[in-house]
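A closer look at the structure
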Amino acid sequence: QVQLVESGGGLVQAGGSLKLSCAASTRTFNIYGMGWFRQAPGKERNFVAAISWSGIKTYYADSVKGRFTISRDNSKNTVSLQMNSLKPEDTAVYYCAADVLFERPDAAYIYDYWGQGTQVTVSS
């Protein structure tokens, strides 16, 4: 099994920036595609960004494109999400997830492993 732990969430004003990180326990981190999803209270979990095992291919939801950047460091077993120009509607619990097959990086149901999430709150 793969354990994923998110960090870096917090409170920030609109227009500010945060960087989220996800650390994986496995030594086979480089075989997984990685994704970030977010979920606000009472709402569905939505795709944010994803990155292939090699880091060559990246994917973004339209709502964050141009503001968020996903990256990974396989030597450190980490994936990061740099969030700039934050908006109140970005407020949510952010989850990182890992998937081997990675045929639908924007679909939550295909991911095999999930972290516990980190809270991001953006005030107006």
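The structure this text deals with has already been given above.
Right, let's walk through the structure included here. (Residues numbered from 1 in each chain as written. Predicted model: local features only at pLDDT ≥ 70, side-chain atom pairs only at ≥ 80, totals over all residues. Heavy atoms only, no water.)

Some words on the pairing of strand S5 (residues 46-51)
Most of S5 sits out of view: five of its six residues are buried. Pairing geometry for strand S4 (residues 33-39) and S5, over five bridges, is antiparallel. Considered in S5, the bridge of arginine 38 is made with asparagine 46. Once S5 ends, the chain turns through six residues before running back antiparallel as strand S6 (residues 58-60), passing glycine 55 with a positive phi of about 85°. (Buried < 20%, exposed > 50% of the residue type's maximum accessible area, 1.4 Å probe, protein only. Helix = DSSP H or I, 4+ residues; strand = E, 2+ residues; numbered from the N terminus. Pairing = 2+ DSSP bridges.)

A few points about the environment of tryptophan 36
Of note, tryptophan 36 is situated in strand S4. Linking tryptophan 36 and serine 52, residues 16 residues apart in sequence, is a C-alpha distance of 12 Å.

Section: the sheet that holds strand S3 (residues 18-24)
Pairing is antiparallel in the open sheet, where four strands are placed in the order S1-S3-S8-S7. Looking along the sheet, the strands with just one partner apiece sit at the ends: strand S1 (4-7) and strand S7 (68-73). When the angles between neighbouring strand axes are averaged without regard to direction, this sheet yields 15°. As paired elements, S3 and strand S8 (residues 78-83) share six bridges and run antiparallel to each other. Its bridge partner being in S8, lysine 19 is matched across the sheet by glutamine 82. (Axes fitted to C-alpha atoms, helices over the stretch in contact; angles between N-to-C directions.)

As for the state of the cysteines
One pass over the full model with this rule turns up one disulfide. There is a disulfide in this structure between cysteine 22 and cysteine 96, and the S-S distance comes to 2.0 Å. One quick way to see it: the torsion about the S-S bond of cysteine 22 and cysteine 96 is about 50°, and its sign makes the bridge right-handed. With a gap of 74 residues between them, cysteine 22 in strand S3 and cysteine 96 in strand S9 (residues 92-99) connect regions that are remote in the sequence. Both residues of the pair, cysteine 22 and cysteine 96, count as buried. (Disulfide = S-S within 2.5 Å.)

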